[in-house]
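If you want the building blocks of each chain, they are given just below.
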Amino acid sequence: MQITTPGPTRATLAATALIDSDHPSVVDFAATHAQGADDRERAVSLYYAVRDRFRYDPYRIDLSLQGMRASQVIEQGYGWCVPKAALLAAAARAAGIPARVGYADVRNHLSTQRMRETMQTDVFIWHGYAELWLQGAWIKSTPAFNVELCQRFGLLPLEWDGRADSLYHPFDGEGRQHMEYVGERGAYDDMPLERIVSDFATTYPAWQGLTQAGVSFDADVQREAR
């Protein structure tokens, strides 16, 4: 499943169960937001729509097939990095732009206290981003953190011009460490859900307790950002 060829294949335009670019809500989303004179401009328009129209929420994670589908982000109005990246890839495919999903392990220096206590680590495995084929190259884009969250938490919003990779900033707006990439997991035609579920169960045995507790990520951010 991992891509080894340098350029796009038919698989990078195809719908899958998780990157469901043929779902009516994804098709409609792409038709509405893929605006621009060429693929690069249309991709950038999609990036900002995915980044800012759907709240980042790592407290509400559903690792089921249904819960991880790209279209589910549209239905719920929120998501975390993995399904939001899948949505960007799905919307790009729906707009005729080859896309795939990529993953890395990152050290997050500015997660909430509740997350650190629950996870017992500041390393986030299988952090998701998207790669879009633009002007003859795979360009990375990370639509996870919506702009309102960045403003509340003092983070620098990730901008993207479709020409250079958009990856997490190493520092926040005050120069404190934010994100550190500690390992690459590569790019894939489809989300490797079984591996993600297995690794989460091993690495974060208490994660489901956070999801089931009914606590609010936004509330924790507002409290800690004061």
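Structure shown above.
Residues numbered from 1 in each chain as written. Predicted model: local features only at pLDDT ≥ 70, side-chain atom pairs only at ≥ 80, totals over all residues. Heavy atoms only, no water.

**Student:** Account for the overall build of the protein chain, with residues named and values stated.
**Tutor:** When you go through the protein chain residue by residue, the secondary structure sums to ten helices and six strands. Here the C-alpha radius of gyration of the protein chain, 16 Å, is about what a compact globule of 226 residues would show, namely 17 Å. Its C-alpha atoms give the protein chain principal-axis dimensions of roughly 45 × 35 × 30 Å. Taken over 226 residues, the protein chain has a buried fraction of 52%. Of the roughly 9900 Å² of accessible surface on the protein chain, a fraction of 48% belongs to carbon and sulfur atoms. Within the protein chain, one finds 22 positive and 29 negative side-chain charges whose respective centroids are separated by 1 Å. (Helix = DSSP H or I, 4+ residues; strand = E, 2+ residues; numbered from the N terminus. Rg over C-alpha atoms; globule rule 2.2 N^0.38 Å. Buried < 20%, exposed > 50% of the residue type's maximum accessible area, 1.4 Å probe, protein only. Areas by Shrake-Rupley, 256 points an atom, 1.4 Å probe, with all protein chains shown as cover. Lys, Arg positive; Asp, Glu negative; His and termini not counted. Charge placed at Lys NZ, Arg CZ, Asp CG, Glu CD.)

**Student:** Lay out the sheet that holds strand β5 (residues 137-141) in plain terms, naming residues and giving numbers.
**Tutor:** Within the open sheet, the four strands sit side by side as β5-β4-β3-β6. Their pairing is antiparallel. The sheet is open, and its two borders are formed by β5 and β6 (179-188), each paired with just one other strand. This sheet shows a mean twist of 35° between the axes of neighbouring strands, independent of strand direction. In terms of strand pairing, strand β4 (residues 123-134) meets β5 through five bridges, oriented antiparallel. Bridge pairing links L132 to I139 in β5. This element, helix α5 (residues 81-94), spans β3 (99-108), β4 and β5 of the sheet and lies at about 10° to β4. Of the strands in this sheet, β3, β4 and β6 are in contact with helix α8 (residues 193-203), which crosses β4 at around 155°. (Pairing = 2+ DSSP bridges. Axes fitted to C-alpha atoms, helices over the stretch in contact; angles between N-to-C directions. Contact = heavy atoms within 4.5 Å.)

**Student:** Which residues make up unusual backbone geometry, and what are the values?
**Tutor:** The backbone of Q120 shows a phi angle near 60°, a positive value even though the residue is not glycine. You can see Q120 is positioned in the loop between α6 (113-119) and β4. Looking at Q120, the relative accessible area reads 66%, which means it is exposed.

**Student:** Break down helix α1 (residues 24-33) for me, citing the residues and quoting the values.
**Tutor:** Each α-helix winds once per 3.6 residues, and so residues spaced three or four apart point in a common direction. Every buried residue belonging to α1 is among S25, V26, F29, A30 and H33, and all of these are buried. Within α1, the buried residues cover an arc of 135° as seen down the axis, which keeps them to one side. The exposed residues of α1 that point more than 90 degrees off its buried face are P24, D28 and A31. Each element contacted by the buried residues of α1 is listed here: α2 (39-53), α4 (70-76) and α5. (Arc of directions from axis to C-beta.)

**Student:** How would you summarise the packing of aromatic side chains if you had to cite specific residues and measurements?
**Tutor:** Under the criterion given, the structure shown has twelve aromatic pairs. Ring centres of Y47 and W160 lie 5.4 Å apart, and the angle between their planes is 55°; this geometry places the pair in the tilted category. Of the two residues, Y47 sits in helix α2 while W160 sits in the loop between α7 (147-153) and β6, which places them 113 residues apart along the sequence. The same class applies to Y47 and to W160, which are both buried. Centroid distance W80 to F200: 5.8 Å. Interplanar angle 50°. Geometry classified as tilted. Of the two residues, W80 sits in the loop between β2 (78-79) and α5 while F200 sits in helix α8, which places them 120 residues apart along the sequence. In textbook terms, an aromatic cluster arises when at least three aromatic residues are bridged by ring pairs, as seen for Y56, Y59, F145 and F217. If you follow R60 out to its NZ or CZ, it ends over the ring of Y78, 3.6 Å from the centre. Over the aromatic face of W138 sits the side chain of R100, whose NZ or CZ is 4.1 Å from the ring centroid. (Phe/Tyr/Trp six-rings, centres within 6.5 Å; stacked < 30°, edge-to-face > 60°. Lys NZ or Arg CZ within 6 Å of the ring centre and 35° of its normal.)

Taken by themselves, the reported measurements are silent on function.
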